[in-house]
Structures are given as C-alpha cells and as structure tokens.
Amino acid sequence: MLPARLATLAVLALVLGTLAAVAWQAGGLGALQAADLAAARFTVVQALISATLSVALAVPVARALHRRRFPGRGALVSLMGAPFILPAVVAVMGLLAVFGRAGVVNDALAALGQPRISIYGAGGVVLAHVFFNLPLATRLLLHGWQAIPSERMRLAQSLGFSPKATLRHLELPMLRATLPGAWLAIFLVCLASFAVALTLGGGPAATTIELAIYQAFRFDFDLARAASLGLLQVALCVAAFAVSARIALPQGFGAGLDRRAVLAPPLGWVLRVQDGVVMGLAAAFLIVPMAAVLLRGLPALSGLPVSVWAAAGRSLVVALAATALTLLLALPLALAAARQRRFEWAGTLPLVASPLVLGTGLFLLLRGFAAPATLALPVTVAVNAALALPFALRTLLPAARTLQADYDRLAASLGLSGFARLRLLTLPRLARPLGFAAGLSAALSMGDLGVIALFADPTQATLPLQLYALMGAYRMADAAAAASLLMVLSFALFWAFDRLGSHADA
Amino acid sequence: MRLSLMLAGFLCATAAQAQDKPVLTVLTYDSFVTEWGPAPIIEEVFERDCGCDLRFVAAGDGAALMARLLLEGDKTDADVVLGLDTSLTAQAAATGLFAPHGLAPAPDLPMAYDDALFTPYDWGWFAFVYDTTRLATPPKDFIELGASDVKIVIQDPRSSTPGLGLLLWVKAAYGDRAGEVWAALADNIVTVTPGWSEAYGLFLEGEADMVLSYSTSPAYHVIAEADVTKEAAPFGEGHYLQIEVAGRLAASDQPELADRFMAFIHSPAFQGTIPETNWMYPATTSPAGLPLAFEWLIWPEKSLLMSPQEAQAARGPALAEWRAALAR
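None of the values given here were measured: they were computed from a predicted structure. For every chain, the first residue of the written sequence is number 1, and numbering continues from 1 along that sequence. For naming, the first written chain is A and the first written ligand is 1, with later ones following in the order written. Local features in this predicted model are restricted to residues whose pLDDT is 70 or higher, and side-chain atom pairs enter the listing and the counts only when it is 80 or higher, whereas totals over whole chains, interfaces and linings include all residues. The basis for the side-chain values is all heavy atoms of the structure; hydrogens and waters are excluded.

Chemist: Whenever I open this one, the overall build of chain A confuses me. Can you help?
Modeler: What counts as a helix is a DSSP run of H or I of at least four residues, what counts as a strand is a run of E of at least two, and both are numbered from the N terminus. The helix and strand tally for chain A stands at 19 helices and 0 strands. A radius of gyration in this sense is built from C-alpha atoms; the matching globule rule multiplies 2.2 Å by the number of residues raised to 0.38. In terms of overall dimensions, chain A is globule-like: its C-alpha atoms have a radius of gyration of 23 Å, near the 23 Å expected for 506 residues. Considered along the principal axes of its C-alpha atoms, chain A spans approximately 65 × 65 × 45 Å. Buried residues in chain A amount to 57% of all 506 residues. Throughout, a residue-residue contact means that at least one pair of heavy atoms, one from each residue, lies within 4.5 Å. The contacts of chain A with a sequence gap of at least 6 include a subset with a gap of at least 24, amounting to 85%. To measure how exposed things are, a 1.4 Å probe is used in the Shrake-Rupley method; for residues, cover is taken only from the protein chains shown. Accessible area of chain A: about 19700 Å², with a carbon and sulfur share of 70%. When charges are counted, Lys and Arg contribute as positive and Asp and Glu as negative, whereas His and the chain ends are disregarded. Every charge is mapped to an atom, namely NZ of Lys, CZ of Arg, CG of Asp or CD of Glu. When the 36 positive and 17 negative side-chain charges of chain A are each reduced to one mean point, those points stand 8 Å apart. Throughout, exposure labels follow a simple rule: accessible area from a 1.4 Å probe, protein chains only, divided by the maximum for the residue type, with under 20% read as buried, over 50% as exposed, and the rest as partly exposed.

Here it is, written out as structure tokens:
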C-alpha cells in the first residue's frame, strides 16, 4: 500500500498543487462569466455524445474481433489502436483528407452529382472524438472479452448456449464491469478536448472549457478565472467518476485455468457477414485517415532537416522515461485500487488536469529553483507520465480486480508476498494489460499530451514541438513529413510494448 | 537519480558560462528562435563584437510572451523583450517593467509610430491570402466577402495573434457596425482554428478559398518554393497593421548591453534578416533593399491601426460582438 500512497500523493500534488499555485498567484478564485457556463455546457454535451457513441460502436467491433479468427487479425487489432495515440493536429489533418471540403468523400459525392457535406460543426467534433476513442474503447472491451475464463465459454458451449444466451450470461456481465470504466475514460478525454474541438467546431459555438482556460490565461490574463475553470473541470471529473462507479458491477466469473480458448464462433452466414461488415467499416474508418497522413508525408521524409531527427531522438527518450514513470505509478495504484476504490480516484484525476494550468502551476512552483528552459525535458517527462497514468490505470484495473478476487486468498495461504508475489503472480497475470499500458503511455508521450509553452525551448524541442515550428515557418510539406515520422515512431513504440505483453502472456 | 545528476550538470554548466562573459537574455516568441527564424544570424553577428553571450529564451507566441512577463513580473531574468505587438503594448507598459529606449522613431513604417518604451523591429499588414488557380477574382472588401460564397478560414482571437488582428481590423474599419459585418461573414467561415499554423495548413490543403495571414505571405511561396500562385487580396477598407516591437526591462542587470542590443535592432545586419526569416517588412530597410519578391506584393493605400490604448479598450467588447455574431 505504501507505493500506492506515494503515487497518490505525487498525482494529487501535481494536479491540485499546480491548480493551487495558480490560484495563489491570483490571490484567490475568480467569478465565472456567462460565456464560461455556455462553454461548460457544450463541453459536457459533446463529451457525453462522443463517449457514448464510442463505447456503443466499440461493442460490436470488439465482439467481432474476439470471436473471429483470420489472417492478419493481430495486425488489424494493433493498427486499429493507432488513432488514439495520434497527436491532435495530425489526426485532424488525416480526418480532413477524408471528410474535409477537399477530401475524398466530398470528391466522391461531387463525382456522383451529390451535394457536398461539411465536417465542421458539432458533428465534426463528435466524429473526430469517435475516431480518437473508438480504438481505445475497442481495446478495453477486447481485453474484457479475453479475460472471460475459457472454462466459462466451454461450459456455455457444452450447454448449447445460443449467441443470445452467451450474451446474457457471459458477455453482459463482462460489459457491465468494463463499459462504465471505458466510458468514463473517454468522457474525460473529450472533456479536456481543445485543438480538435476548436479546429473542427467551426466557430465560437464550439468553445470548450479548455479553450476558456486558454482565453483566461492569454487573452485576459485572468489567473483567478483560469483557476476557477480548472477547478470546474476537476469537479466534472469527480461527478462523472461517481456516476460510472455506481453503474459498474464486478463480473464475478471466478478464476480459470488459463487454457487457450477454444473458439467456436457462431455459425451462419448472417452473423459472419455482420461481423465482417462491422470490422471492415471500423477498419476503414480508422485506417484510411492515417494512411492519408502517411501518404502525404512519406515522400518528403528523406529531405527533413537534421533538427527534426534530433527532435525525434529526444522524443523517444522522453517517451521511454515517461513510460517507466507511468508504470511505476500505475501498477501500485491499480493493485491498491482493486482493494480500495479511492486509489482509482487519484489515478483518474490527471485526465482533466488542464495542460495549461499544469504548465503554469509548475512554472510558478519551479521557477525559483532553475531556469525554466533547463527544466523543459524533465518537466515534459513528468507531465506526460501523469497524463498517461489514467489510461494505464484503466487498462490495468479490470485485470487487477480479477487478480485480487481470484488469487488473493491463494497467495495469502501460500504466504506469497513482496517481490515474490510480484514476480510469480502479479506480473505474469498482468502481462497483457501491462504491455498495452506501456505501449499506450509511450505512444501518448511521443505525441506530447500537454503543450507546455512556458518551458518550451525550441533548441531542445521534442518532435511535436518541432512539427509546430515547421508549420509556423510555412514549411507545411516538411511538417507533413514530420507528422508521418511521429506517427510511425508512436506506432512502433506502441506495437513493440503491446507485442511484448501479449507474448509474455502465452 | 540520473535525472538529478543531469539537472545538476545543467546548472553547473550554466553557472560556469555565466562567469566567462556577461549574458544578455532576450525573451521572444518561438518562431523567432527556430533555425528558420532570424535569431541564429542575429546571435552570430551581435556576439562578434559585444564580448557577451546573447541568449534567446522563447515563450510560445506573442500573447504567451506577455503572459510569461506578467507571471514573472520583476523577477524575470530577461533584459530585453522582443515580439510584443501594438495590441499588447498598453498592457505591457502598465506593468511598469519597461524603461525608455531613447532611440529615434523607425523610418520605414507606413504610419508614424513613436513610443518611448517600445521600438518597432518589423511590421506587416494582415490580409487574406488566396490561390489564383482556385479563386480568380477575390472579394474587394469585407462587405463583398460577406455577400459572396467564398470560404475563408480564420484564427480564434482568444488564442491567436492574427485572430486578434482580424478582430481589431473589422472593428477599426466598421466601428459600431462590426457586429453586422461579422454576421454577414458567418456563413463564409469554414472554421476557426486555434493558431495561424493550423489555418494556413487547412488553406494549403484546399479546405478554404482564403486564409487570414499577412500581405507578405506570398513572398515565402515565391522565394522558397518558386510558387507564384499565392496572392494577398487588397481590401478597400484598408489593411490593419501589425507592428512588432522590442522593449528593454528597467530591472536589467546588463543595462549597457541591453541598450546596445536595442540600437542593434535597427542595424542593417538585424533588419536585413527580417524579410526572409520572419517574412515581415523591416522597420528600417537595409541599404541592400528588399528581396525582389517583396516588390511584387500588394501595397495597400490605407493602413488601419488603433493606438495601444484604443486596442486595449476595444478588444473585450469586440470579442463579445464576434462571439455573438458567430455563435449561432
């Protein structure tokens, strides 16, 4: 429990400490404006729709991926996870290449003599959020399906369960345990959305809380209001968490013997076609925009200036360091949260920490000790680790709960504790989610979740910062190449860790 | 452990260098210090005979620079701040952090600008840039634009300097009628981006017919890409000016070096880098003149500019108008 307590303290200090530092500098909290409340309403509504749609669509996709086997399935599962780890600016470019005014969909519609559609507006925001989060939801649910012990599936088969009966007795309890957590994570991601909502939102009607914070900092320099808005975001996080905790119920399948699942996919061509169509559509929706980014960027890759490669190297180091830190925080938190819910709270909080509040608070807290520019990389590592923590925790938690329920008594009766327990029980049983969590953290911090302008130092920029520098210097072709490099590196990290996890699992 | 060692190393290195030569710290925006910006050349030339270490510290963009200054207050290490524009100078002057520069007004601005605290180093007009192969006849003013079905992409005034520039442009041109103009523009706006880069990227991808940028943007495409299809549309109301300025901090621990740098700003070496690195007009044209591509740019007959005080007072109400007209 001690490591979990330390991790909790570290997270609380980072999220609430920075908020307090900003409020302290301002001399208190400021009143919110009418426009801020409108922003809060839009933020919550779009996040509700985006999260609900993402998990609802993920159910058939994950189910089809779970019960069908075909060549290239592993690669497809990995590839479909990729949009989640894309930096917002790259993902938006990819989506626009497909759905934009000059995108392939509109070109096709025009060729058919149909009116063009516009992606800009609330619909575009939701579309982009589903694009980002459907992969996360699918993977979290797929883990849920894989975690149903194969003995239960066998029993269902020998009892001659129809797909409907399997759904009712096995799949629904699993969904009840997994869905609320996945929904919560996605709801909170969408709550903190800034660049996506602004670029695709089409105008000030799509103002999110994060943009209101941005405005308070930069347009009005009203730190007091920024702190209030930051607090509002934390309050929304707590409320959403309370709701999802009420809905989630433990599944209680009991332990299995880890025998390889014998697949008996439901027969009948209707179901087959249905699964095929579901997987095909999801794959096309997720993969085509990414392919568009790659196709545009790859030709210019060899001509990239040296500084971009140096930035890529720096980003890799940051990503690996942040991943190590994330796992160090997430594993003890997940194990502790399996026993006591309050640890889950702490690990979820960073999701709604505004990067701008975080950056400014850290700047205020640290500037007495060293020049901000010398702290750029360590601060980036710390912030990326904190911001990736909720996703790592969300991935580990269901498995950690099952581990606790199924093996805790056995481990206790064998007197298994400390490092022996970690080595013989915890790590092997959590290998798959651990690998996924590590991949997620590494890829996410490659894409730099928080833009920490106050610490940024262009001479030691990370790849996403360098990408922005290229765009700011009119070098859009180089920026496109840097974007595809970023995508390839993020995906490579993600894939390597993910593979590591699923092989250890065998 | 390794991290703290690295940190200690950093700090020692910084301290050791500081003992060698006096350090002059210039706080500026990101794009000024990248390898494509003016800073590398300026640093090399200035360090040749100042006997000092010129250090650029970057802090996001112009507005982030202001925020950084307000956060740090009199504890800032900066000796010179470079990169504020006239929509921010009233706020900057009010901090009381700046000292008079004592320099003569810069000669090559399209309208007189004299400020005891801030000296201009470059300037440009905001303008809508379009692609001549996609849009044959661009609108001639905001009214024609509002009535047309030309699609534009603009930046959010709450998060972007050009976005704020457009807000003040419409306000300066139309005063109380600005709200109506925005209402007419609403259906032309494809989207509002957080910063200049996203908007310009969307325009180049063909998402909009025109983008809010600078009248000098086409020069980049001519010089760097030999592409002559990008042009700025001249608007009948006149074009809003952006004047970028530098100021020296009263609490600087290197007052002589700071003054020397402020004077250096108007030297041919500094000003000569501006057109092709910052893609703006120099405040004091160097004897070598401007690059040829700059001669082909539009030269608006009328410049619009609010005084720093007017700009400061106008932006709150103008933002409310903008939001009301666009948030339908």
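Chemist: What's the story with the overall build of chain B in this structure? I'm lost.
Modeler: Helices and strands together make up the secondary structure of chain B, namely 14 helices and 12 strands. Taking 20 Å as the expected radius of gyration for a compact globule of 328 residues, we find that chain B reaches 21 Å, a close match to that expectation. Over its C-alpha atoms, taken along the principal directions, chain B stretches across nearly 65 × 50 × 40 Å. Counting all 328 residues of chain B, 61% fall into the buried class. Taken as a whole, chain B presents about 12500 Å² of accessible surface, with 55% of it coming from carbon and sulfur.

Chemist: It is not clear to me how the nonpolar core should be interpreted in this structure. Could you clarify?
Modeler: One broad rule of soluble globular proteins: the nonpolar side chains tend to lie buried together. Throughout this description, the term nonpolar core refers to a set of buried Ala, Val, Leu, Ile, Met, Phe, Trp, Tyr and Cys residues connected via side-chain atoms within 4.5 Å. Counting 207 residues, the largest nonpolar core has Leu 188, Leu 200, Leu 440 and Leu 463 of chain A together with Leu 84 and Phe 98 of chain B as its most contacted members. Among the elements that line this core, the one with the most residues is helix H16 (residues 376-413) of chain A, at 16 residues. When sequence neighbours within four positions are dropped, the list of residues in contact with Leu 188 of chain A reads Cys 237, Ala 240, Thr 348, Leu 351 and Val 352 of chain A.

Chemist: Just checking my understanding: could you explain the packing of helix H2 (residues 34-67) of chain A against helix H8 (residues 163-191) of chain A for this structure?
Modeler: Packed helices, taken two at a time, are described by the angle their axes make and the gap between the axes. Residues and elements named next belong to chain A. Every angle, taken between N-to-C directions, lies between 0 and 180 degrees, and every axis is a line fitted to C-alpha atoms, over only the stretch in contact when it is a helix. Put simply, H2 and H8 touch, their axes get as near as 9 Å, and they point 145 degrees apart. For the pair H2 and H8, the sense of crossing is right-handed. Note on element contacts: H8 touches H2 through Pro 163, Leu 167, Glu 171, Leu 175, Leu 179, Ala 182, Trp 183, Ile 186, Phe 187, Cys 190 and Leu 191, opposite Thr 43, Val 44, Gln 46, Ala 47, Leu 48, Ser 50, Ala 51, Thr 52, Ser 54, Val 55, Val 59 and Arg 63. Think of it as three bins: nonpolar holds Ala, Val, Leu, Ile, Met, Phe, Trp, Tyr, Cys and Pro, charged holds Asp, Glu, Lys and Arg, and polar takes everything else, Gly as well. Taken together, the residues of the contact of H2 with H8 break down into 16 nonpolar, 5 polar and 2 charged. We call a crossing left-handed when the near helix sits turned anticlockwise from the far one by less than a right angle, and right-handed when that turn is clockwise.

Chemist: How should the domain arrangement of chain B be read in this particular structure?
Modeler: Put simply, an interface is often sized by how much accessible area is lost when its parts join up. Residue and element names in this part refer to chain B. Delimitation of the domains relies on an automatic or database domain assignment. For chain B, the assigned domains are domain 1 (14-123 + 242-295) and domain 2 (124-240 + 299-326). Just the C-alpha atoms count here: the centres of domain 1 and domain 2 sit 26 Å apart. On the domain 2 side, the residues contacting the 21 residues of domain 1 number 23 residues. Once two parts are joined, some of their accessible surface, as seen by a 1.4 Å probe, is lost; buried area is that loss totalled over both. When the area that domain 1 buries against domain 2 is broken down by residue, the three leading residues are Ser 87, Gln 242 and Trp 279, summing to 32%. Salt bridges are identified by distance alone: a Lys or Arg side-chain nitrogen within 4 Å of an Asp or Glu carboxyl oxygen. If you look at where domain 1 meets domain 2, you find 0 salt bridges. Polar contacts, as counted here, are pairs of nitrogen or oxygen atoms within 3.5 Å of one another; within protein the pair requires one atom able to donate a hydrogen and one able to accept it, and residues that are adjacent in sequence qualify only if both atoms are side-chain atoms. Summed over the shared surface of domain 1 and domain 2, the number is 3 residue pairs in polar contact (both at pLDDT 80 or more). Elements represented by at least two residues in the side of domain 1 that touches domain 2 include exactly helix H4 (62-72), helix H5 (89-94), strand S10 (239-249) and helix H13 (292-295).

Chemist: Before we go on, may I ask you to explain a nonpolar patch on the surface in this structure?
Modeler: All names here are of chain A. On the surface, Val 45, Leu 48, Ile 49, Leu 53 and Leu 57 cluster together into a nonpolar patch covering about 390 Å² of accessible area. Here Val 45 lies in helix H2. Overall, Val 45 belongs to the partly exposed group, its relative accessible area being 42%. Residues forming no salt bridge and having over 30% relative accessible area are the ones grouped into patches, like charges within 9 Å of each other and nonpolar side chains (Val, Leu, Ile, Met, Phe, Trp, Tyr) within 5 Å.

Chemist: Mind showing me how you'd approach unusual backbone geometry here?
Modeler: Most of the time, phi is negative for any residue but glycine, and the peptide bond is trans. The phi dihedral of Tyr 474 of chain A is positive, around 70 degrees, even though this residue is not glycine. Assignment of secondary structure puts Tyr 474 of chain A in the loop between helix H18 (463-472) and helix H19 (476-505).

Chemist: Looking at this structure, how should I read helix H11 (residues 255-264) of chain B?
Modeler: Residues spaced three or four apart along an α-helix point in a common direction, a consequence of the helix completing one turn every 3.6 residues. Those residues of H11 of chain B that sit buried are Leu 257, Ala 258, Phe 261, Met 262 and Phe 264 of chain B. When H11 of chain B is viewed along its axis, its buried side chains cluster within an angular range of 160 degrees and face the same direction. Working note: the arc is built from the helix axis to C-beta atom directions.

Chemist: Just checking my understanding: could you explain the confidence of the model for chain B for this structure?
Modeler: Detailed conclusions should not be drawn from predicted coordinates in areas where pLDDT is low. Of all residues in chain B, 94% have pLDDT values of 70 or greater, and the mean over the chain is 89. As scored by the predictor, the complex reaches a pTM of 0.86 and an ipTM of 0.83. pLDDT expresses how confident the predictor is about each individual residue, on a scale running from 0 to 100.

Chemist: In this structure, what is going on with the side chain of Thr 34 of chain B? I would like to understand it.
Modeler: Residues and elements named next belong to chain B. Along the chain, Thr 34 turns up in the loop between helix H2 (30-33) and helix H3 (39-50). Judged by relative accessible area, which is 8%, Thr 34 ranks as buried. For Thr 34, the side chain forms a polar contact with the main-chain oxygen of Ser 31, separated by 3.5 Å.

Chemist: Please clarify how the environment of Ile 274 of chain B should be interpreted in this entry.
Modeler: Residues and elements named next belong to chain B. One can find Ile 274 in helix H12 (residues 268-277). Classification of Ile 274 as buried rests on a relative accessible area of 0%. On a C-alpha basis, the gap between Ile 274 and Ala 173 in space is 28 Å, while along the polypeptide they are 101 residues apart. Leaving out residues up to four positions away in the same chain, Ile 274 has contacts with Pro 38, Tyr 121, Asp 122, Trp 279, Met 280, Tyr 281 and Pro 282.

Chemist: Could you clarify how one ought to interpret the packing of aromatic side chains in this entry?
Modeler: The geometry of an aromatic ring pair comes down to the distance between the two centres and the angle between the two planes. Residues and elements named next belong to chain B. Any pair of Phe, Tyr and Trp rings, taking the six-membered ring for Trp, is counted once the centres come within 6.5 Å. Such a pair is stacked with planes under 30 degrees apart, edge-to-face with planes over 60 apart, and tilted for the rest. Applying the stated rule across the entire model yields 38 aromatic pairs over all chains. For the pair Phe 32 and Phe 270, a centre-to-centre distance of 6.4 Å together with 35 degrees between the ring planes defines the contact as tilted. Separated by 238 residues along the polypeptide, Phe 32 in helix H2 and Phe 270 in helix H12 bring together distant segments of the chain. In terms of burial, Phe 32 and Phe 270 fall into one category: buried. Residues Trp 196 and Tyr 200 carry aromatic rings whose centres are separated by 4.8 Å and whose planes lie at 20 degrees to one another, so their mutual orientation is stacked. Taken together, the positions of Trp 196 and Tyr 200, both in helix H9 (residues 196-204) and 4 residues apart, correspond to about one turn of that helix. Overall, Trp 196 belongs to the buried group, its relative accessible area being 12%.

Chemist: Honestly, the interface of chain B and chain A in this entry has me stumped. Any pointers?
Modeler: Contacts between the two partners involve 59 residues from chain B, matched on the other side by 54 residues from chain A. Roughly 4800 Å² of surface becomes buried between chain B and chain A when both sides are summed, with 65% attributable to carbon and sulfur atoms. Summed over the shared surface of chain B and chain A, the result is 1 salt bridge. Between Glu 205 of chain B and Arg 296 of chain A there is a salt bridge, with the nearest N and O atoms lying 2.7 Å from each other. Run the count over chain B and chain A and you get 9 residue pairs in polar contact (both at pLDDT 80 or more). Elements with a contribution of two residues or more to the side of chain B that touches chain A: helix H1 (2-20), H2, H4, strand S7 (189-193), H9, helix H10 (217-225) and helix H14 (308-326) of chain B.

Chemist: What's the story with H8 of chain A in this structure? I'm lost.
Modeler: Taking 1.5 Å per residue as the helical rise, H8 of chain A with its 29 residues ought to reach 42 Å, whereas the 36 Å between its terminal C-alpha atoms falls clearly short. The angle separating two fitted axes, one through the seven residues that finish at a residue and one through the seven that start at it, defines the bend at that residue. In H8 of chain A, a bend of some 45 degrees at Glu 171 of chain A exceeds every other bend along the element, and Pro 173 of chain A, a proline, comes one to four places later. Between the first and last residue of a helix there are one fewer steps than residues, each counted as 1.5 Å, and that sum is the expected span.

Chemist: Would you mind going over the state of the cysteines with me for this structure?
Modeler: Throughout this description, disulfide means a covalent bond between two cysteine sulfur atoms. When the sulfur atoms of two cysteines come within 2.5 Å, that pair is taken as a disulfide. Using the criterion set out here, one finds 1 disulfide over all chains in the structure. Each disulfide pairs two cysteine sulfurs, and for Cys 50 of chain B the partner residue is Cys 52 of chain B, the sulfurs being separated by 2.1 Å. Taking the sign of the torsion about the S-S bond as the criterion, the disulfide between Cys 50 of chain B and Cys 52 of chain B, at about -90 degrees, is left-handed. Cys 50 of chain B sits in the buried class, given a relative accessible area of 10%. Given the relative accessible area of 2%, Cys 52 of chain B is considered buried. Unpaired in terms of disulfides, Cys 237 of chain A finds its nearest cysteine sulfur in Cys 190 of chain A, a separation of 13 Å. Given a relative accessible area of 2%, Cys 237 of chain A falls into the buried group.

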